[in-house]
Amino acid sequence: MSDASPVLLIDDDKELLKATKQTLELAGFAVSAFSTPLDALAALEPGFAGVIVSDIRMPQMDGQQLFDRVKERDADLPVILVTGHGDIPMAVKAIQDGAYDFIAKPFATDRLVQSVRRAAEKRRLVLENRSLRIAAEQAQGDLPLIGQTPAMERLRHTLRQIADTDVDVLVTGETGSGKEVVAGLLHRWSRRAKGNFVALNCGALPETVIESELFGHEPGAFTGAQKKRVGRIEHASAGTLFLDEIESMPPAIQVQMLRVLEMREVTPLGTNEVRPVDLRVVAAAKVDLGDPQQRGDFREDLYYRLNVVTISIPPLRERRDDIPLLFGYFAERAASRFRRDVPTMSAAVRRHLLQHSWPGNVRELSHFAERFVLGLETAVTQAPSEPPASDTTLPLPARVERYEADLIRETLAQNAGDVRRTIEALGIPRKTFYDKLQRHGIVRSEFAGFEANG
Ligand SMILES: Nc1ncnc2c1ncn2[C@@H]1O[C@H](COP(=O)(O)OP(=O)(O)OP(=O)(O)O)[C@@H](O)[C@H]1O
Ligand SMILES: [Mg+2]
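As a starting point, this report considers the structure included with it. (Residues numbered from 1 in each chain as written. Chains lettered and ligands numbered in written order. Predicted model: local features only at pLDDT ≥ 70, side-chain atom pairs only at ≥ 80, totals over all residues. Heavy atoms only, no water.)

**As for the packing of helix H6 (residues 150-163) against helix H7 (residues 179-188)**
Put simply, H6 and H7 touch, their axes get as near as 8 Å, and they point 40° apart. In terms of their interaxial angle, H6 and H7 are classed as oblique. Both H6 and H7 take part in a crossing whose hand is right-handed. The residues of H7 that touch H6, namely those facing Leu155, Leu159, Ile162 and Ala163, are Val182, Leu185 and Leu186. Partitioning the contact of H6 with H7 into residue classes produces seven nonpolar, no polar and no charged. (Axes fitted to C-alpha atoms, helices over the stretch in contact; angles between N-to-C directions. Helix = DSSP H or I, 4+ residues; strand = E, 2+ residues; numbered from the N terminus. Parallel < 35°, antiparallel > 145°, perpendicular 65-115°, else oblique. Left-handed = near helix turned anticlockwise from the far one by under 90°. Contact = heavy atoms within 4.5 Å. Nonpolar A, V, L, I, M, F, W, Y, C, P; charged D, E, K, R; others polar.)

Below you can see the structure in the form of structure tokens.
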């Protein structure tokens, strides 16, 4: 209810501050009183769910300046100014600039309470719309960044601010914490969205091909180079180059990459031609490259070059309040992909959500949600080889069959429907695999595009 809304109250007149605080508290508001605007600003959290009521004439900063500062932070936050006789022109100007209301001193308490009430209601609606919009954005985007904890709000805010600048960004975070999601958003939220998002896993490319992959080559540049090839860096021109697992980039390539970052140009193998590239580089690392111990043979100069803006994504265990939201989202998504209903949550699942430390972070949580929807969560919380307990009424062969089918579905899900990897994981011949799919009525393509492991 709007009655429980918080109010930040500011007045340098201590007596009046106390009296107004009491008035508003009697009217049911949760009032934090400040005698200086700076203290109030320091206490103002992003997404503050209430109203600011401030005196206009104060020594440090007047009400107008305070209002300007609040507007920079959140243009929709209602500010009510309380003005003395001579300050009415200033108050009128503030209203024109978007302040919510002004109240001339001396005022009837009712007048103030009414105004605060209406402002609080407006604030509630604004925030509600905002979260609906975020939810909608998150639901339709292919790269949603879900999370409502302060850490995630801040992260989203930073991303929005830097996305459309050309500044290079280093993203750090544990495995599965969302580094690629962040890189994708930096691309999508920028003018570069029209260009290519080129992701390059620096650890996965064999050293022998990495140069021609990155820089491209002319026909005949080396044995086997029959056709001209445009390198990945050039391909990312006007778009975003995502250097994933940068910590595992071979040292020889690091030198060349440093040059690319500094000169913004590439020279394909087998040419002397220098081609300019218009790049925004986003690099991702699992380790703290600022720490010489962890950096290993990663070049310090390259680290400093990349470290213009660093975004660190906190591990999931440090933002546990996001777990239910993420779990709900992944469960819904899995349910629609598998055309199943989201099952009711058992105590065991709830306990797991609360207690697990999630070393695989969001990726691990999304896999858990998928298993939950497939009815396999007992396999997570207990030993993986234990058949589901609910099957005990069936004769043994039927239970074994069912368990086998579940295992195959689960493995397919974990491998995004990739047959080769699923067969490898299950350790059975290809033909047997297909026979079993048919027998259990499993449709492999339903698992394609399912969250892959990497
Ligand atoms: N905040 C989030 N909201 C929704 N989905 C997320 C979020 N963070 C991560 N994910 C999902 O979790 C999975 C792992 O994320 P991502 O690939 O970005 O992690 P990563 O940090 O690059 O991991 P790795 O270091 O292992 O490559 C992806 O499926 C991604 O969509
Ligand atoms: Mg990644």
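**Overview of the pattern of salt bridges**
Here the structure, examined in full by the defined rule, presents 34 salt bridges. One salt bridge in this structure joins Lys105 and Asp55, with 3.2 Å as the shortest N-O distance. Taken together, the positions of Lys105 in the loop between strand S5 (101-104) and helix H5 (109-140) and Asp55 in strand S3 (residues 51-55) put the pair 50 residues apart, joining distant regions of the chain. With relative accessibility at 4%, the residue Asp55 sits in the buried group. The residue Asp168 makes a salt bridge to Arg264 at a minimum N-O spacing of 2.5 Å. (Salt bridge = Lys/Arg side-chain N within 4 Å of Asp/Glu carboxyl O. Buried < 20%, exposed > 50% of the residue type's maximum accessible area, 1.4 Å probe, protein only.)

**Focus on the side chain of Ser366**
Among the structural elements, Ser366 can be located in helix H15 (residues 361-373). Residue Ser366 is classed as buried on the basis of its relative accessible area of 2%. Separated by 2.8 Å, the side chain of Ser366 and the backbone oxygen of Arg363 make a polar contact. (Polar contact = N/O pair within 3.5 Å; in protein donor to acceptor, adjacent residues only side chain to side chain.)

In short, shape yes, function no, at least from these values alone.
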